[in-house]
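Results of the structural survey
Each chain is listed here by its residues.
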Amino acid sequence: MAQMMDQTADGVWLVTGTDVNWVLVADGDEVTLVDTGEPRDWPRVLASLQRIGRAPGDVRAVVLTHAHPDHIGAAERLRADRGIPVRLLDAEAPHARGQVIQEAPARQVLRAALRKLS
């Protein structure tokens, strides 16, 4: 499971997952996870924590930049299994809970793709 990890500052790592990134911010013994990749990135999230000598138990909070599926992947798992608080804008909460799903209709995506091909 190859992944890229770049330390961008003291205690800050940018991690490239399957298709998206997340950030680990270490402060002493605690880690804040900014975004959590896609649901299938869970093993990669664990591996990135391990690479900096940490474990899920060291995560004190998850911060979501927004609640698209490619950012909230492991957030619920960390909240439910470990009681880790998940922080996000109030306006994003219904999206994170799956109460609101924003997707472009297939017809709109196809039209946009065809426009770019011509």
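Our subject is the structure listed above.
What comes next is a walk through the structure. (Residues numbered from 1 in each chain as written. Predicted model: local features only at pLDDT ≥ 70, side-chain atom pairs only at ≥ 80, totals over all residues. Heavy atoms only, no water.)

**Focus on the nonpolar core**
Defined as follows: Grouping buried Ala, Val, Leu, Ile, Met, Phe, Trp, Tyr and Cys residues that are joined through side-chain atoms within 4.5 Å yields what is termed a nonpolar core. Note on exposure labels: buried denotes an accessible area under 20% of the residue type's maximum, exposed denotes more than 50%, and partly exposed covers the range between, all computed with a 1.4 Å probe on protein chains only. Going along the chain from the N terminus, every DSSP run of H or I of four or more residues is numbered as a helix, and every run of E of two or more is numbered as a strand. Contact definition: two residues touch when any of their heavy atoms are within 4.5 Å.
If you look at the biggest cluster of nonpolar residues, it comprises 21 residues, and the most contacted ones within it are L24, L33, V59, V62 and L78. Where this core is concerned, the elements lending two or more residues are β2 (12-16), β3 (21-27), β4 (30-34), α1 (42-51), β5 (59-63) and α2 (75-82). Those residues in contact with V59, other than ones at most four positions away along the chain, are V31, L33, L49 and I84.

**A few points about the sheet that holds β2**
Note the cut-off: At least two DSSP bridges between two strands are required for those strands to pair. Here the axes come from fitting lines to C-alpha atoms, over the contacting stretch only for helices, and the angles between their N-to-C directions go from 0 to 180 degrees.
What the six strands build is an open sheet, ordered β1-β2-β3-β4-β5-β6; its pairing is mixed. Either end of the sheet is taken by a strand with one partner, and the two such strands are β1 (4-9) and β6 (86-87). In the packing of α1 onto the sheet, contacts are made with β1, β2, β3, β4 and β5, and the angle to β3 comes to roughly 35 degrees.

**Here we look at the environment of L14**
Among the secondary structure elements, L14 is positioned in strand β2. Residues L14 and V25, 11 residues apart in the sequence, show an inter-C-alpha distance of 9.0 Å.

**What to know about the side chain of D41**
Relative to the helices and strands, D41 is located in the loop between β4 and α1. If we skip the residues at most four places from it in the chain, D41 touches G17, T18, V20, W22 and T36.

**Considerations on unusual backbone geometry**
Note: most peptide bonds trans; most residues except glycine with negative phi. Positive phi, normally seen in glycine, also occurs at D35, with a value near 65 degrees. Along the polypeptide, D35 turns up in the loop between β4 and α1.

**Let's talk about the pattern of salt bridges**
Defined as follows: Counted as salt bridges are all cases of a side-chain nitrogen of Lys or Arg within 4 Å of a carboxyl oxygen of Asp or Glu.
Evaluation of the coordinates by the stated rule reveals six salt bridges. R60 is the salt-bridge partner of E30, the closest N and O atoms lying 3.6 Å from each other. Of this pair, E30 sits in strand β4 while R60 sits in strand β5; the two residues are 30 residues apart in sequence, bridging distant segments of the chain. Judged by its relative accessible area of 40%, R60 falls in the partly exposed class. In this structure, the salt-bridge partner of R40 is E38, at a minimum N-O distance of 3.3 Å. Residue classification places E38 among the buried residues on the basis of a relative accessible area of 18%.

**Regarding the pairing of β2**
A one-sided burial pattern is seen for β2, the buried positions being W13 and V15 and the unburied ones V12, L14 and T16. When β1 meets β2, the two strands line up antiparallel, connected through five bridges. Its bridge partner lying in β2, M4 is registered against T16. As consecutive antiparallel partners, β1 and β2 are separated by two residues, and within that stretch G11 has a phi angle of approximately 75 degrees, a positive value. Taken together, the five bridges between β2 and β3 define a ladder with antiparallel strand orientation. Looking across to β3, one finds that V12 is bridged to V25. Between β2 and β3, which pair antiparallel and follow one another directly, the connecting turn spans four residues.

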